[in-house]
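Geometric and topological summary
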Amino acid sequence: MSEKKITYHHGIVAMLIEMSAADGNIDKQELLKLVKIVNQGLTGGDIKKAEMLINETYGLWSNFDTLEDRCAFIVSLALQIGDNLKKSDKIFIGKALGAIANADGNVHDNEIGFMQICLGCLDITLDDLQG
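Residues numbered from 1 in each chain as written. Predicted model: local features only at pLDDT ≥ 70, side-chain atom pairs only at ≥ 80, totals over all residues. Heavy atoms only, no water.

1. A short note on the packing of helix α5 (residues 87-101) against helix α6 (residues 109-122)
- Direction vectors running N to C along α5 and α6 enclose 175°, while the axes themselves pass 10 Å from each other. Taken together, α5 and α6 sit at an angle that is classed as roughly antiparallel. Between α5 and α6, the residues in contact are Lys90, Ile93, Gly94, Leu97, Gly98 and Ala101 and Glu111, Phe114, Met115, Cys118, Leu119 and Leu122, respectively.
- Tallied by class, residues from the contact of α5 with α6 come to 8 nonpolar, 2 polar and 2 charged. (Axes fitted to C-alpha atoms, helices over the stretch in contact; angles between N-to-C directions. Helix = DSSP H or I, 4+ residues; strand = E, 2+ residues; numbered from the N terminus. Parallel < 35°, antiparallel > 145°, perpendicular 65-115°, else oblique. Contact = heavy atoms within 4.5 Å. Nonpolar A, V, L, I, M, F, W, Y, C, P; charged D, E, K, R; others polar.)

2. A word on unusual backbone geometry
- Even without being glycine, aspartate 123 reaches a positive phi, approximately 60°.
- Looking at the element boundaries, aspartate 123 is found in the loop between α6 and α7 (126-130).

3. Observations regarding a nonpolar patch on the surface
- On the surface, Ile26, Leu31 and Tyr58 cluster together into a nonpolar patch covering about 260 Å² of accessible area.
- In this fold, tyrosine 58 is placed in helix α3 (residues 47-61).
- Under the relative-accessibility criterion, tyrosine 58 is labelled partly exposed at 40%. (Patch = residues over 30% accessible without salt bridge, like charges linked within 9 Å, V, L, I, M, F, W, Y side chains within 5 Å. Areas by Shrake-Rupley, 256 points an atom, 1.4 Å probe, with all protein chains shown as cover. Salt bridge = Lys/Arg side-chain N within 4 Å of Asp/Glu carboxyl O. Buried < 20%, exposed > 50% of the residue type's maximum accessible area, 1.4 Å probe, protein only.)

4. Some remarks on the pattern of salt bridges
- Within the structure shown, the criterion is met by 2 salt bridges.
- Between arginine 70 and glutamate 18 there is a salt bridge; the shortest N-O distance is 2.5 Å. Taken together, the residues arginine 70 in helix α4 (residues 67-84) and glutamate 18 in helix α1 (residues 8-21) connect sequence positions 52 residues apart. Side by side, arginine 70 and glutamate 18 carry an identical accessibility label, which is buried.
- A salt bridge links lysine 87 to aspartate 128, with the shortest nitrogen-to-oxygen separation between them at 3.1 Å. Of this pair, lysine 87 sits in helix α5 while aspartate 128 sits in helix α7, placing them 41 residues apart in sequence.
- Lysine 87 gets classed as partly exposed once you look at its relative accessible area, which sits at 46%.

5. Some remarks on α5
- Relative to the 21 Å expected for 15 residues at 1.5 Å per residue, α5 spans 21 Å between its end C-alpha atoms, a close match to the ideal helical length.
- Looking at α5, one finds that the buried residues are Lys90, Ile91, Ile93, Gly94, Ala96, Leu97, Ile100 and Ala101.
- Summarising the contacts, the buried residues of α5 are in contact with α1, α2 (28-42), α4, α6 and α7. (Expected span 1.5 Å × (residues − 1).)

What follows is the structure, encoded as structure tokens:
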């Protein structure tokens, strides 16, 4: 991945992967939701492109030695995204995070905490997601 440029899409997918892992494991429902969101929302239905983006991002995501280092990196990406995307795109990301958190039918405290951090970085609120 070192020769590939990290894009906003990688940053978004990194947030989605971290959300899927925030409850302690990435389960099937969360993974399926992540793939659906990336395929429909980021790659325009190009499943090969979605698969490549997820695999590249997962490779980057899984290279961190500690959760703290990984989250610090994701937060830095989220802050950059928050500074450079339209509000409607930020709301899409926030709703995607919520959909993944709820994919297994249980929203855990760690998922809520991670979502709050991401929403803060994106400069949106829960009210923005409901509007």
